[in-house]
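# Reading the structure
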Amino acid sequence: MFAIANNITTRNRRIAEALRPRPAEEASPRAAASIEKQRAELVRSLTKQCVAAGADALDINLQWRYDKPEVMRWAVERAQEVASVPLCLSAHRADTMEAGLRACRRPPIVNHVSLDKEKLEKILPLAARHDATVILLLTDPAAPGSPEDILKTAAILVGAANESGIPNERIWLDPGALHITTEMGQRHARTILELVPSLREAFDPPVGITCWISNVSVGVPRRWRPTVENAFLAMLAGSGLSSAFVNVLGRDTVRTVRLIKVLRNEVIYSDREIEP
């Protein structure tokens, strides 16, 4: 189980404030230097915490706010100052994605490419050019479609990635978890559990399967969200999930990820795996 830390995201107001670009005229040179130091230290500190908790990769997510090349470049550079794990870049704009890819010192993960024409024509070639692993999103959150539709979308996107020069070994499929608090979301969760084995078997060589686990618990009372997410993660792992976007700073989540690795014989058991 390859754990991608989803903690550096502009969905979090504290992180968004640290990543927010500031015009030079907002403060005096001394004040600007102090602000820059604080911003950088927050990103570096969070990066180190995520890696220490067991993150196999670190997501830099600008999909909610500040989807700008200079912000992505800055965040990538700060994270790489203190960590050597691969980075996952999440952005909607192609120029933002390209800035991040250029700043990466090692092949990253591109999140995501869908059937959206601009992503297919602009972001997919970028992933190929920079030897990145690419995540292909198979569903529209507003209308996730039937299992047959999802498999058809997977075939189209994998074919497009292959034509761009990306081999199956660098392709992960994301069936797109929805909020389980809705009837459609609960039905789609069941569909994902049934689809994961089929998606792995549909391609030769096989592709990876990933999922943004926290999406499933949106709308659930905060105190119950980790329970919902960890149950879903464990069930998906049993179906063959390769990787997952998770909150690696959540103790129960880290414990779940570590135990999945133990039960898959990916790491040797120790009491530390149970008590992070």
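Refer to the structure above for everything that follows.
Here goes a summary of the coordinates provided. Predicted, not measured: the structure shown is a model, and the values here were computed from it.

The next thing to look at is the state of the cysteines. Under the criterion given, the structure shown has zero disulfides. The thiol of Cys-50 is not disulfide-bonded; the next cysteine sulfur, from Cys-88, is found 13 Å away. In this model Cys-104 remains outside any disulfide bridge; the closest cysteine sulfur is found in Cys-88, 9.7 Å from its own. A relative accessible area of 14% places Cys-104 in the buried class.

For the rest of this paragraph, the subject is the layout of surface pockets. In this structure, the largest pocket spans a volume of roughly 1300 Å³. Together, 41 residues line the largest pocket, and Asn-6, Arg-11, Trp-212, Ser-214 and Asn-215 are the ones closest to its centre. Those elements that place two or more of their residues in the lining of the largest pocket are β1 (2-9), α1 (13-19), α2 (29-53), β4 (109-113), α8 (225-239) and α9 (251-263). Here the lining of the largest pocket takes four residues from α2, the largest share from any one element.

The next point concerns the sheet that holds strand β2 (residues 57-61). Pairing within the open sheet is parallel, and its eight strands lie in the order β7-β6-β5-β4-β3-β2-β1-β8. The open sheet has two free edges, formed respectively by β7 (208-209) and β8 (243-246), since each of these has just one partner strand. Both strand β3 (residues 87-90) and β4 contribute to a ladder of three bridges, which runs parallel. Within β4, the position partnered with Leu-89 by the bridge is Val-110.

Cut-offs and rules
Residues numbered from 1 in each chain as written. Predicted model: local features only at pLDDT ≥ 70, side-chain atom pairs only at ≥ 80, totals over all residues. Heavy atoms only, no water. Disulfide = S-S within 2.5 Å. Buried < 20%, exposed > 50% of the residue type's maximum accessible area, 1.4 Å probe, protein only. 1 Å grid on protein atoms, 1.4 Å probe; cavity = no way out; pocket = protein on both sides within 12 Å on 5 of 7 lines; lining within 4 Å. Points joined across faces, edges and corners; volume = space filled by probe spheres on them. Helix = DSSP H or I, 4+ residues; strand = E, 2+ residues; numbered from the N terminus. Pairing = 2+ DSSP bridges.

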